[in-house]
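Residue-level structural notes
So the chains spell out like this:
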Amino acid sequence: MQLQDSISCIKGVGDKTAKLFGKLGIRTINDLIHTYPRNYIEYAEPATVSSLRPGVRCAIKGKVVTAVEVKKPKRFTIVSFSVSDGTGAVRMVFFNSPYLKSTIRKGDIYVFVGTPKISGHFIVMEMPEYYPVNRYSVMRSSMQPVYSLTSGLSNNAYKKAMKEAEPLMQSAEDYLTPGIRDEYGLMPLSESLINVHFPRDREELEKAVKRLAFDEFASFLYDIKILRESNVRKDNLHPLGEDREAWLEEFKSILPFEMTKGQLEAVNDIMQDMSGPFTMNRLIQGDVGSGKTAVAEAALFLTVKSGHQGAIMVPTEVLAVQHKKELEQRFGSYGIRVELLTGSRTAAEKRDIYKRLIDGEIDILVGTQALIQDKTVYKDLGLIVIDEQHRFGVNQRKKLSEKGESPHTLIMSATPIPRTLAIIIYADLDISIINEMPKGRKRILNCVVGTSYRPTAYKFMQGEIDKKHQVYIICPMIEEGENEDIENVIDYSYGISEHFGRNVRIEYLHGRQSEEEKRDILERFSEGSIDILVSTTVIEVGINNPNATVMMIENAERFGLAQLHQLRGRVGRGDAQSYAIFIDSKESPESKERLSVLENSNDGFFIAKEDLRLRGPGDFFGIRQSGDMPFMIADIYNHADMLKAAQELVLKYGDDIDIPVPKDSELTATI
């Protein structure tokens, strides 16, 4: 087997399983070994029944004290029996497992691992893992990886495939010499790959993650170095016109709100850059809802008024449609011509756009990656704007900048990165920070509650819907998977349809739907013809509906705090009071403390700092901020030391060693 071979070359992976892996973006063996676990299960010392806490996963060692009962209500089988350890008893319940009748007998002693709950007067564990005592002793010394799955693909099947690929991990070629590894205290690449998938212990796992994080940072920063060197002090070929101050006042008069001090300072930075002797490369960093889009619109307006073309690239077609609509509303009366270019446009539409673009009949082109295709040629591209930049690779940014003759570049990011780290990550850019919210915005009211609060939440939502407002409900999964405790959008939407009845219009949205389906659903939601939108995190990026006032997030404990903050930012965008409800299905002291940060603050920078503090050194399992930056395993907060070390490596050895540059990445996949 070779790394670039199809995953179907792995023993035990047939065509059907290969297609399931393909749904997760895993098509080659290399894809497989570089897709890391989202969590790890550690097997703890068994606790006593008397010390169990409902909702907290644990192990208990006990004797089966009742006969194994088998019942068959309707279409499924229920197997149950009681286990005692002398301090109390737990009722074990299994579904569709009739074979247990002959496997487990009264008097047997096992270790059971699961999440207890209270049912009536009994403590119950549903579908626990169970092990003979000697087998559990072996489990105690291991950490079991848990991978992100899709329906039909089990974690065991994933682990077996990974085990078959282990020989390729062992022979992985390391671009770092032993001397350089020693200098930075890094584990060899082969060991890091094996230990991230099959960790011997927590200490070895932490070393493996640090090495892999280092590699991701080094590749990224080497790309940035090349980009920076190619952009060094290029002459400004697209200066703003002399009437730029008057045009800015004209733009401000278009807006239905007054720009904040932070927005005006950012616009002033842009005007100075674009009027100076050299090409602009600037990052606008600001929290969710701080008004970065208005700053970008000002830059585009000034560019077109100066006689040049502008382009704005966004990560999703849905967001592109939204931007195009808003720009037309803002600039239509000024004769500024805005066009949309996305992958779903027909061949005839694309040909027409290409012709009008090169003829100068389009002033602002809005689109996805279609903007950087070879056939997209501009007459006079003066400014490119990249929205939600963390969704794009460095090479995609470079490709767009090469579409014109040294166009100015404006990049926008809502990722809350401390300035010291931002200077490293954005080494090729000047930085403007917007650190205040638009006037008139009401603070989102937040609450963190358990699953028992759902009926109250539904009643509250109904009240908002009666006021003609709209609601988002976020679920972590698209469809039912191996973990039955995680909510999924498809089943959830059907479930609440029965609760709310026909008078409440409910739709679901997820990343596997076609662009046309997603666009239609979001347009109808924006127009007010959908009351409740049940969605995955696909709505995290830039969706704007000022009429949505409630955001409820199921299984909130499974998300990173920064991602929850991004999701929450989809409400509170209008004049009405808005609310965020975080459902903590785990209700452990740890998850309550972590989620309370969101309950008490709407400041993205503060939230990111608190997330790191609450994790503690090395506590990175299942919490990494999904989608914040283009890294699989690296986290700029948790691995800040590796980020700084990788920067030193690139500066010191970048021209002497073969730092692997990742292939030009696709847009970050959104579930």
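Residues numbered from 1 in each chain as written. Predicted model: local features only at pLDDT ≥ 70, side-chain atom pairs only at ≥ 80, totals over all residues. Heavy atoms only, no water.

Some points on the packing of aromatic side chains
Summed over all chains, the structure comprises 21 aromatic pairs. Ring geometry for Tyr147 against Tyr158: centres 4.1 Å apart, planes inclined by 5°, an arrangement best described as stacked. Highlighted residues: Tyr147 in the loop between β10 (143–146) and α5 (155–164) and Tyr158 in helix α5, separated in sequence by 11 residues. For the pair formed by Tyr147 and Tyr158, the shared burial category is buried. (Phe/Tyr/Trp six-rings, centres within 6.5 Å; stacked < 30°, edge-to-face > 60°. Helix = DSSP H or I, 4+ residues; strand = E, 2+ residues; numbered from the N terminus. Buried < 20%, exposed > 50% of the residue type's maximum accessible area, 1.4 Å probe, protein only.)

Observations concerning the pattern of salt bridges
A full pass over the atoms with the stated rule returns 37 salt bridges. A salt bridge links Glu69 to Arg91, with the nearest nitrogen and oxygen atoms 3.4 Å apart. In this pair, Glu69 sits in strand β3 (residues 69–71) while Arg91 sits in strand β5 (residues 89–95), placing the two residues 22 residues apart along the sequence. Take Glu69: its relative accessible area is 36%, and that puts it in the partly exposed class. (Salt bridge = Lys/Arg side-chain N within 4 Å of Asp/Glu carboxyl O.)

Some thoughts on the sheet that holds strand β11 (residues 281–286)
Sheet architecture is open: seven strands sit in the order β13-β14-β12-β15-β16-β11-β17, paired in parallel fashion. Strands at the two margins of the open sheet, each flanked by one partner only, are β13 (338–341) and β17 (430–434). If you compare each strand with its neighbour and ignore which way they point, the axes differ by 20° on average. Direction of pairing for β11 relative to strand β16 (residues 408–413): parallel, over a ladder of five bridges. (Pairing = 2+ DSSP bridges. Axes fitted to C-alpha atoms, helices over the stretch in contact; angles between N-to-C directions.)

Details of the packing of helix α10 (residues 244–254) against helix α12 (residues 292–305)
Put simply, α10 and α12 touch, their axes get as near as 10 Å, and they point 135° apart. Between α10 and α12, the crossing angle belongs to the class labelled oblique. For α10 against α12, the interelement crossing comes out right-handed. Residues Arg244, Trp247, Leu248, Glu250, Phe251 and Ile254 of α10 form the contact with α12, whose own contacting residues are Ala294, Glu297, Ala298, Phe301, Leu302 and Lys305. In terms of residue class, the contact of α10 with α12 is made up of eight nonpolar, no polar and four charged. (Parallel < 35°, antiparallel > 145°, perpendicular 65-115°, else oblique. Left-handed = near helix turned anticlockwise from the far one by under 90°. Contact = heavy atoms within 4.5 Å. Nonpolar A, V, L, I, M, F, W, Y, C, P; charged D, E, K, R; others polar.)

Brief notes about the pairing of strand β19 (residues 470–474)
Here β19 lies mainly inside the structure; five of its five residues are buried. The two faces of β19 match: Gln470, Tyr472 and Ile474 on one face and Val471 and Ile473 on the other face are all buried. As paired strands, β19 and strand β22 (residues 548–553) are joined by five bridges and run parallel to one another. Paired with Gln470 across the bridge in β22 is Ala548. One ladder, built from four bridges, connects β19 with strand β21 (residues 532–535); its direction is parallel. Pairing of Val471 across the sheet is with Ile532, part of β21.

Quick notes on helix α21 (residues 589–600)
If you check α21, its first and last C-alpha atoms are 16 Å apart, about what 12 residues at 1.5 Å a residue would give, namely 16 Å. Considered for burial, the residues of α21 that qualify are Ser591, Arg594, Leu595, Val597 and Leu598. Looking straight down α21, one finds its buried side chains confined to an arc of 125°; they lie on one side. (Expected span 1.5 Å × (residues − 1). Arc of directions from axis to C-beta.)

Looking at the sheet that holds strand β20 (residues 506–509)
The sheet built from six strands is open, its strands ordered β18-β23-β22-β19-β21-β20 with parallel pairing. One side of each edge strand has no neighbouring strand; the edge strands of this open sheet are β18 (445–449) and β20. Direction aside, the axes of adjacent strands within the sheet are offset by 15° on average. Most of the contacts of α21 go to β18, to which it runs at about 160°, and overall it touches β18 and β23 (579–583).

Re unusual backbone geometry
Its identity is not glycine, yet Asn96 carries a phi of approximately 50°, on the positive side. Checked against the element boundaries, Asn96 lands in the loop between β5 and α3 (100–103). Look at Ser406: it is not a glycine, yet its phi comes out positive at around 50°. Of note, Ser406 is situated in the loop between α15 (394–401) and β16.

Some remarks on the side chain of Arg573
Here Arg573 shows up in the loop between α20 (561–568) and β23. At a separation of 2.8 Å, a polar atom in the side chain of Arg573 contacts the side chain of Asn544. Of the polar contacts made by the side chain of Arg573, one reaches the backbone oxygen of Gly569; its length is 2.7 Å. The residues touching Arg573, leaving out its near neighbours within four places in the chain, are Val288, Gly289, Arg441, Ile543, Asn544 and Pro546. (Polar contact = N/O pair within 3.5 Å; in protein donor to acceptor, adjacent residues only side chain to side chain.)

Some thoughts on the environment of Glu206
As for its placement among the helices and strands, Glu206 is situated in helix α9 (residues 202–230). For Glu206, a relative accessible area of 26% gives the class partly exposed. When the C-alpha positions of Glu206 and Ser192 are compared, they lie 9.3 Å apart, and in sequence the two are 14 residues distant.

Re the nonpolar core
Membership of the largest hydrophobic core comes to 54 residues, with the highest contact counts inside it found for Phe214, Phe217 and Leu649. Among the elements of the structure, α7 (178–184), α9, β12 (309–313), α14 (347–358), β15 (381–386), α16 (419–425) and α23 (640–653) are those that each provide at least two residues to this core. Beyond its immediate stretch of four places on either side in the chain, Phe214 contacts Tyr175, Leu176, Tyr184, Leu186, Met642, Ala645, Ala646 and Leu649. (Core = buried A, V, L, I, M, F, W, Y, C linked by side-chain atoms within 4.5 Å.)

Quick notes on the packing of helix α17 (residues 454–466) against helix α18 (residues 489–500)
Where α17 meets α18, the closest approach of the two axes is 12 Å, and the angle between their N-to-C directions is 70°. On the basis of the axis angle, α17 is roughly perpendicular to α18. Judged by the sense of rotation from one axis to the other, the crossing of α17 with α18 is right-handed. Packed against α17, whose contacting residues are Arg454, Tyr458, Met461 and Gln462, the element α18 presents Tyr492, Ile496, His499 and Phe500 at the interface. For the contact of α17 with α18, the residue count by class is five nonpolar, two polar and one charged.

Points about the environment of Asp584
Its location among the elements puts Asp584 in the loop between β23 and α21. The buried category is assigned to Asp584, whose relative accessible area is 2%. Distance in space between the C-alpha atoms of Asp584 and Glu129 is 23 Å, their sequence separation being 455 residues. For Asp584, the residues in contact, after removing those within four places along its chain, are Val448, Val449, Gly450, Thr451, Glu557, Ser591, Lys592 and Leu595.

Here we look at the pairing of strand β6 (residues 109–114)
Remark: a regular strand shows side chains that alternate across the two faces of the sheet. With respect to burial, β6 is a largely interior element, five of its six residues being buried. One ladder, built from six bridges, connects strand β2 (residues 58–64) with β6; its direction is antiparallel. Looking across to β6, one finds that Ala59 is bridged to Val113. As paired strands, β6 and strand β9 (residues 129–132) are joined by four bridges and run antiparallel to one another. Residue Val111 lies in a different strand from β9, and its bridge partner there is Tyr131.

Remember that the coordinates give geometry; whether it matters functionally is a separate question.
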